[in-house]
Amino acid sequence: MSVRTESSAAHRAGFACFVGRPNAGKSTLTNALVGTKVAITSNRPQTTRHTVRGIVHRPEAQLVLVDTPGLHKPRTLLGERLNDVVRTTWSEVDVIGFCLPADQKIGPGDRYIAAELADIKKTPKVAIVTKTDLVDSKALAAQLIAIDQLGKELGIEWAEIIPVSAVGATQVSLLADLLVPMLPESPPLYPEGDLTDEPEQVMVAELIREAALEGVRDELPHSIAVVVEEMLPRQDRPADKPLLDVHANVYIERPSQKGIIIGPKGKRLKEVGTKSRKHIEALLGTPVFLDLHVKVAKDWQRDPKQLRKLGF
């Protein structure tokens with residue numbers, strides 16, 4: 001039997017995931033906790049497709065955040081696969097944070113998720129009231145009572161109910177303080193400098209996709225997929241002036257959507273490139289040449305072969 005020293009015995013490490021209906025503030029909260037941009041944030045529902053993990057490093061603990069797609073009543077094959085991913089994740093984490101926005105009454109979508117959560121017995125559940133900066137104290141109190149009531153109705157015992165504002169950084173570190181004791185004792189699971197264990201190409205694709213979603217008001221969000229084909233250091237560059245070539249394809253479902261993404265005279269695609277390139281350079285810490293192409297993959301969300309090709 002190995003003898004563990006006092007200091008390593010006290011260290012905790014484990015996985016937490018935030019759940020909630022689309023746009024409940026899950027990704028923004030992940031970013032606020034980690035202190036850097038790791039999960040794609042967008043004000044369009046259903047934009048987180050990959051299990052992006054943010055890693056919160058503390059001297060006494062390591063909290064690994066698994067960001068699942070929003071659970072919703074599925075309409076397509078992609079929707080069903082996303083829901084399966086959610087349920088699998090829930091059963092594998094150490095603690096679940098259920099995000100409910102302070103500025104919206106508890107609705108059918110929240111009840112649907114809460115009922116699913118009630119079936120997962122062993123995992124501790126924390127109710128997180130997000131976006132508290134958008135309401136006054138009276139409305140916040142009413143929401144806290146409603147959430148307590150929801151738990152009683154469904155037989156969920158909340159380990160904690162905590163109001164936070166990721167935007168105003170209110171109570172964000174307190175949330176981490178509350179989650180840490182629910183993790184098992186364990187040495188760190190990831191090296192100190194890691195913020196996410198997503199392969200870089202996946203994160204780069206997410207940043208491009210986020211930029212492509214911005215300002216597109218109609219039904220495009222579900223129709224955009226981004227695949228980074230390759231990332232290669234440019235040959236024959238001096239050591240102090242490296243350049244990374246990133247070749248990526250933006251896939252849409254119908255030819256008619258191409259014009260929306262590209263914009264008049266290619267203006268919009270150029271903006272997408274400029275914006276995402278800045279984020280990619282910040283993420284990778286190196287200058288980037290971004291080569292973007294828009295391609296049509298007909299009805300990819302309903303086609304198992306295309307889904308596989310696009311990484312789902």
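Located above this text is the structure these notes cover.
An account of the accompanying structure is given in this report. (Residues numbered from 1 in each chain as written. Predicted model: local features only at pLDDT ≥ 70, side-chain atom pairs only at ≥ 80, totals over all residues. Heavy atoms only, no water.)

This brings us to the overall build of the chain. Along its length, the chain carries ten helices and nine strands. By residue count, 49% of the 312 residues in the chain fall in the buried class. Counted over contacts in the chain with a minimum sequence separation of 6, partners at least 24 positions apart contribute 72%. By element, 54% of the accessible surface of the chain is carried by carbon and sulfur atoms, the whole surface being about 15,500 Å². (Helix = DSSP H or I, 4+ residues; strand = E, 2+ residues; numbered from the N terminus. Buried < 20%, exposed > 50% of the residue type's maximum accessible area, 1.4 Å probe, protein only. Contact = heavy atoms within 4.5 Å. Areas by Shrake-Rupley, 256 points an atom, 1.4 Å probe, with all protein chains shown as cover.)

On to the sheet that holds strand β8 (residues 244–252). Pairing within the open sheet is mixed, and its three strands lie in the order β7-β8-β9. In this open sheet, the two edge strands, each paired with only one partner strand, are β7 (225–233) and β9 (288–296). Between one strand axis and the next, the sheet turns through 15 degrees on average, direction left out of account. Where β8 and β9 come together, nine bridges link them in parallel fashion. Residue pairing in the sheet places Y251 in a bridge with K295 of β9. (Pairing = 2+ DSSP bridges. Axes fitted to C-alpha atoms, helices over the stretch in contact; angles between N-to-C directions.)

Residues V204, I208, I224, V246, I280 and L292 are the most contacted members of the largest nonpolar core, which totals 25 residues. If you list the elements that add at least two residues to this core, you get α7 (200–213), β7, β8, α9 (267–284) and β9. For this core, the leading source of residues is α7, giving seven residues. Excluding residues that lie within four positions of it along the chain, L292 makes contacts with I208, A248, V250, L269, V272 and G273. Within the second largest apolar cluster, 23 residues are counted, among which are I96, A102, I106 and A114. (Core = buried A, V, L, I, M, F, W, Y, C linked by side-chain atoms within 4.5 Å.)

Relative to the helices and strands, A205 is located in helix α7. A205 gets classed as buried once you look at its relative accessible area, which sits at 9%. On a C-alpha basis, the gap between A205 and N249 in space is 9.0 Å, while along the polypeptide they are 44 residues apart. When near neighbours in sequence (up to four residues on either side) are disregarded, A205 contacts V226 and V228.

Below, the discussion takes up helix α4 (residues 108–118). If you check which residues of α4 are buried, you get D110, I113, A114, E116, L117 and A118. Against the buried residues of α4 lie β1 (12–19), α3 (77–92), β4 (95–101), β5 (125–130) and α5 (137–154).

Note on placement: T76 falls in the loop between β3 (61–67) and α3. Among residues more than four places away in sequence, those in contact with T76 are Q301 and R302.

Scanning all chains against the criterion turns up one aromatic pair. Lying across the ring of F289, R234 places its NZ or CZ 5.5 Å from the centre. (Phe/Tyr/Trp six-rings, centres within 6.5 Å; stacked < 30°, edge-to-face > 60°. Lys NZ or Arg CZ within 6 Å of the ring centre and 35° of its normal.)

Counting buried residues along β8, eight of its nine residues qualify, which places the element largely inside the surrounding structure. Judged from the eight bridges that link them, β7 and β8 form a sheet pairing that is antiparallel. Each residue of the ladder has a partner; that of V226, found in β8, is V250.

What follows concerns the pattern of salt bridges. Evaluated as defined, the whole model comprises nine salt bridges. Linking D148 and K152 is a salt bridge whose minimum nitrogen-to-oxygen distance equals 2.7 Å. With a gap of four residues between them, D148 and K152 both fall in helix α5, about one helical turn apart. In this structure K152 comes out as exposed when scored by relative accessible area, which is 56%. Between D245 and R234 there is a salt bridge, and its shortest N-O distance comes to 2.7 Å. Residue D245 is found in strand β8, and its partner R234 is found in the loop between β7 and β8; the two are separated by eleven residues along the sequence. We classify D245 as buried; its relative accessible area is 11%. Each of R58, E60 and D177 takes part in a single network of salt bridges with overlapping partners. (Salt bridge = Lys/Arg side-chain N within 4 Å of Asp/Glu carboxyl O.)

The next point concerns the state of the cysteines. The full count for this structure, using the stated rule, is zero disulfides. Lacking any disulfide linkage, C17 is separated from the closest cysteine sulfur, that of C99, by 9.3 Å. (Disulfide = S-S within 2.5 Å.)

Quick look at α9 now. For α9, with 18 residues, the first-to-last C-alpha span of 26 Å sits near the 26 Å given by 1.5 Å per residue. Residues of α9 that are buried include every one of R268, L269, V272, G273, S276, I280 and L284, and no others. Around the axis of α9, the buried residues are gathered within 130 degrees of arc, so they sit on the same side. Exposed side chains of α9 directed beyond 90 degrees from the buried face belong to K267, K270, K278 and A282. (Expected span 1.5 Å × (residues − 1). Arc of directions from axis to C-beta.)

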